Amino acid sequence: MGLRFVFGRGGSGKSTYLLNEIKTRVQDNETSPVILLVPEQYSFEMEKRVSSLYLGKEKVKTQELPLPEVGDYDVLIQNIYSSICGTDVAVFMHGPNTGHKVNVGGEFGHETISRIVKVGKEVKDFKVADRVYPYSLYAKDDTSRAGTLGGFSEYILVPNVKKNHSLYQVDKRISDKLASLIEPFTVGCRGVRRGMIPSGQGYVKEQNAVVFGGGTIGIAAAVAFKYFGMEKVMICDYSAYRLEIAKKLGFETCNLQVDDFINHAKEYFGMAYSLNGPTANIDCWLDAAGAKSILDDFLKLGKIESRFVSVAVNKEPRSIDLLHMTYAQQSIIGSGGYMKEDVDDVQEIMACGKWNLESMITHEFPLEQLDQVLYKASDVNNSLNVIIKMKKSVNE
């Protein structure tokens, strides 16, 4: 390319034009070096990022912050798409201490797909332009930052980067949009692993499962159940909007506002026995909703030797009839977070093409409209997964 001059008066957009040109080249995987020369007094001004800060109930602010310095063992990643988690919605709609621990005045967001834009000189496992998934628990080298990774900011510094620990490579078969759902899918996948019965290198097949909660994690769990060999899977929710999406993905659904759950379940799964008499033949109940009645119904209606997996955030103390549970040979299993094998399996689930998982993404907004994004994500009757488009997708 020949020498080009870009002219314009102050404030006409020359710097923005040049920065966008550089970003486009990075996204197009160009390997030739790009050097931006500016007067010394402006060099620091050019190294800024747009970040979204949490200011309390229904208050967020987007502002420019200095880019962090990249150390020898660090990488700087640029977010491509970020997804809205239910805990993000909770802390926005209801105030601090209602979702993940998010400090007022701090960054937040933790479900994202990113691309490496700068690599420390001692980093060997990653290179510029790699597409990566940052594991929110470890990406900041500080487990207290799991919910405040910086998914709603343009850039994230990953200190002391470790492959398959703080950062994971993303399968090329997975689109940018879908890859932004890796984090909630791994949570659902871990819950399913906890609820399956191991057998050899896999799991016992031809059992049945019911999932309560038709959000991203609930549908992810239903997909993982099928992937691991469950025979029949039903998704239950109060949102007709979300249940319609689940139905199009091939799942039996139960609208708890209008359907009688146990009769619907008996008809779909067939009959089995509980200590209280005939019931639905459900081997595993997975709670991705958090309603008190779900565990109560399991203890009362769950068949002998059935299992209950708690994935949702159940904060209230519960009373359990342990003697009834003992005679019913029932199990209650907790599931929080995820592990490396879940990231691997989720990527294979997303890449296999058996389900149109991108159909779960119902709305897309730019970062500048973060408050509108969070309000939309809170509307469970008219949205499912809502994402933020940070920059031009490399697949577009």
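Here the structure is a predicted model, which is why all the values come from computation and not from measurement. (Residues numbered from 1 in each chain as written. Predicted model: local features only at pLDDT ≥ 70, side-chain atom pairs only at ≥ 80, totals over all residues. Heavy atoms only, no water.)

Peer 1: I'm lost on unusual backbone geometry in this one. Help?
Peer 2: Most peptide bonds take the trans form, and the phi angle of most residues other than glycine is negative. Not every positive phi belongs to a glycine, and Asn-160 is a case in point at roughly 50°. Summarising the element assignment, Asn-160 is placed in the loop between β6 (155–158) and β7 (167–169). Unlike most non-glycine residues, Glu-305 shows phi in positive territory, near 70°. Among the structural elements, Glu-305 can be located in the loop between α9 (292–301) and β16 (307–310). (Helix = DSSP H or I, 4+ residues; strand = E, 2+ residues; numbered from the N terminus.)

Peer 1: What am I meant to see in the environment of Ser-83 here?
Peer 2: Looking at where Ser-83 falls in the secondary structure, it is placed in strand β3 (residues 75–83). Exposure remark for Ser-83: the relative accessible area of 0% places this residue in the buried category. Measuring from C-alpha to C-alpha, the distance between Ser-83 and Ala-179 comes to 9.5 Å, with 96 residues separating the pair along the chain. Residues contacting Ser-83, with those up to four places away along its chain left out, are Asp-88, Glu-111, Phe-152, Ser-180, Leu-181, Asn-385, Val-386 and Ile-387. A polar atom in the side chain of Ser-83 sits 3.0 Å from the side chain of Asn-385. (Buried < 20%, exposed > 50% of the residue type's maximum accessible area, 1.4 Å probe, protein only. Contact = heavy atoms within 4.5 Å. Polar contact = N/O pair within 3.5 Å; in protein donor to acceptor, adjacent residues only side chain to side chain.)

Peer 1: Sorry, what's going on with helix α7 (residues 240–248) here?
Peer 2: Since the α-helix packs 3.6 residues into each turn, any two residues three or four apart lie on the same face. Within α7, the full set of buried residues consists of Arg-242, Leu-243, Ile-245 and Ala-246. Along the axis of α7, the buried residues cluster in a sector spanning 155°; they form a single face. Turning to α7, the residues buried within the fold contact α6 (216–228), β11 (232–237), β12 (252–255), β18 (361–366) and α12 (370–378). Phi turns positive, to about 105°, at Gly-250, one or two residues after α7. (Arc of directions from axis to C-beta.)

Peer 1: Just checking my understanding: could you explain the state of the cysteines for this structure?
Peer 2: Applying the stated criterion to the full structure yields zero disulfides. Of all cysteine sulfurs in the structure, the one in Cys-254 sits closest to Cys-236, which takes part in no disulfide; the separation is 4.5 Å. (Disulfide = S-S within 2.5 Å.)

Peer 1: Explain the pairing of strand β17 (residues 331–334) here, please?
Peer 2: Two faces belong to every sheet, and in a regular strand the side chains alternate between them. Across four bridges, the pairing between β16 and β17 is parallel. Residue pairing for β17: Ser-310 is matched across the bridge by Gly-334. The β-α-β motif built from β16, the intervening helix α10 (residues 322–328) and the parallel element β17 has right-handed crossover chirality. (Pairing = 2+ DSSP bridges. Right-handed = clockwise from strand over helix to strand, strands pointing away.)

Peer 1: Help me understand the packing of α6 against helix α11 (residues 340–352) in this model?
Peer 2: Helix packing for two helices is described by the angle between their axes and how far apart those axes are. Running from amino to carboxyl end, α6 crosses α11 at an angle of 90°, the nearest separation of the two axes being 11 Å. Comparing the axis directions of α6 and α11 gives the class roughly perpendicular. Across from Val-223, Ala-224, Tyr-227 and Phe-228 in α6, the residues of α11 making contact are Asp-345, Glu-348 and Ile-349. In the contact of α6 with α11, the residues fall into five nonpolar, no polar and two charged. (Axes fitted to C-alpha atoms, helices over the stretch in contact; angles between N-to-C directions. Parallel < 35°, antiparallel > 145°, perpendicular 65-115°, else oblique. Nonpolar A, V, L, I, M, F, W, Y, C, P; charged D, E, K, R; others polar.)

Peer 1: Would you take a moment to explain the sheet that holds β17 for this structure?
Peer 2: The strands making up a sheet associate through backbone hydrogen bonding, with each pair oriented either parallel or antiparallel. Taking strand neighbours across the sheet as the criterion, the six strands line up as β12-β11-β10-β15-β16-β17 in an open arrangement whose pairing is parallel. Of all strands in the sheet, those bounded by a partner on one side alone are β12 and β17. Each strand of the sheet is rotated relative to its neighbour by a mean of 20°, with strand direction disregarded. Relative to β16, strand β15 (residues 284–287) runs parallel, the two being bridged by four bridges. Bridged to Asp-287 within β16 is Ser-310.

Note that all results are geometric; they support no functional claim without further evidence.
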